[in-house]
Amino acid sequence: MAGGAGAVSLGVTLAYPLTGRAGVSAGALVAEAAVLVVLTAVTVRRSPARQAAVSALLSGSAVALVLLRAVWPGPPQLVLGACAAWALGAVAATGVGLYLRRLDDDRRRAIEEATRAQRLGLARDLHDFVAHDVNGMLVQAQAAQVVVGELPEPVADALRRIEDAGQRALASLDRTVHALGERGPGIGGLARLADAFSPDVRVELAVAPGLALRHEVSSLAYRVVTEALTNVRRHAPRATMVVVEIGEEGGVLRVRVADDGGGSSPSTRVGGFGLSGLGALLEARGGSLTAGPHGHGWRLVAEIPA
């Protein structure tokens, strides 16, 4: 709206010297400039960076030049002075928009950090509760091997397996909580993920150049690709190729993952907790997740506000 209104206003303003028109309603001029100033501030605050720059340039220039309709033709000093004075309104609107944009970014980051800290706290609590019970089972298995004395080999072997499983479970819990405490990798880590996926499946990675994403968005995209590849491994054993495409359009990051492996039925593919949980997370952040048959395989498409 700001870009369109600015372009129309500039066109009308330039028509005055080109057609020799003169005279203008002062009230209409002030009202038009006020609308353009408001649109400039709003687009600087709300729009994606590139779109905001172009739109604000058009609407701001329209504000600076709109007074030409009243002072043209006139002395050059008067024309330049009038345009410079009215340009201050566009500059002020841009400054207000940038300030409000920064406040919005700070508020969003604060909410994300608070949410992350809360989830990490819950994960640590879960770790403590589960680790307590696993430790109890581990101690019982160890004590049975020592206190009871000589045990039949099958029983002793079962106790050893229980002990080993308990140790692995505790180690996995520790690694999980430690990983939650760190910031996860973003789309920059996808190349390593693709290389390490499977020797029997080729992963083609296509990431649009020049993507400048917030870490939270980049990390979420990485999580989407990880979940998609996990589903390929579980449900598409005949897959030979997976294509991962990531690009941004209109302030939305789109992640597409498609395989050629046929695999299991749709109900089996979408029934996992990981995919449904990821879909709920994306919806909570204003995005979406869809998955379904595509050709001879399966395709997952995620849209994330960039």
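Residues numbered from 1 in each chain as written. Predicted model: local features only at pLDDT ≥ 70, side-chain atom pairs only at ≥ 80, totals over all residues. Heavy atoms only, no water.

- As annotated in an unreviewed UniProt entry, the protein chain carries the name histidine kinase and is attributed to Nonomuraea composti.
- You can read under Catalytic activity (unreviewed entry) in the UniProt record for the protein chain the words "ATP + protein L-histidine = ADP + protein N-phospho-L-histidine." (UniProt positions renumbered as here; feature names shortened; annotations may be inferred.)

Points about the packing of helix H2 (residues 26-46) against helix H3 (residues 49-65)
For step 1, the next point in the chain: Between H2 and H3, whose axes approach to 9 Å, the crossing angle comes to 160 degrees. Overall, the two elements H2 and H3 adopt an arrangement that is roughly antiparallel. In terms of crossing hand, the pair formed by H2 and H3 is left-handed. Listed contacts from H3 to Ala 33, Leu 36, Val 37, Thr 40, Thr 43 and Val 44 of H2 are Ala 52, Ser 55, Ala 56, Ser 59, Gly 60, Ala 62 and Val 63.
For step 2, the next point in the chain: Taken together, the residues of the contact of H2 with H3 sort by class into eight nonpolar, five polar and no charged. (Axes fitted to C-alpha atoms, helices over the stretch in contact; angles between N-to-C directions. Helix = DSSP H or I, 4+ residues; strand = E, 2+ residues; numbered from the N terminus. Parallel < 35°, antiparallel > 145°, perpendicular 65-115°, else oblique. Left-handed = near helix turned anticlockwise from the far one by under 90°. Contact = heavy atoms within 4.5 Å. Nonpolar A, V, L, I, M, F, W, Y, C, P; charged D, E, K, R; others polar.)

Let's talk about the sheet that holds strand S1 (residues 202-207)
For step 1, the next point in the chain: Spatially, S1-S2-S3-S5-S4 is the arrangement adopted by the five strands of the open sheet, whose pairing is mixed. For this open sheet the edge positions go to S1 and strand S4 (288-294), each flanked by a neighbour on one side alone. On average, each strand axis in the sheet is tilted by 10 degrees relative to the strand beside it, whichever way the strands run.
For step 2, the next point in the chain: Two strands pair when backbone bridges link them, and strand S3 (residues 252-259) and strand S5 (residues 297-305) are joined in this way by eight bridges, in the antiparallel orientation. From the neighbouring strand, Ala 258 faces S5, where its bridge partner is Arg 299.
For step 3, the next point in the chain: The strands that helix H8 (residues 215-235) touches are strand S2 (241-249), S3 and S5; relative to S3, the one it contacts most, it runs at about 15 degrees. (Pairing = 2+ DSSP bridges.)

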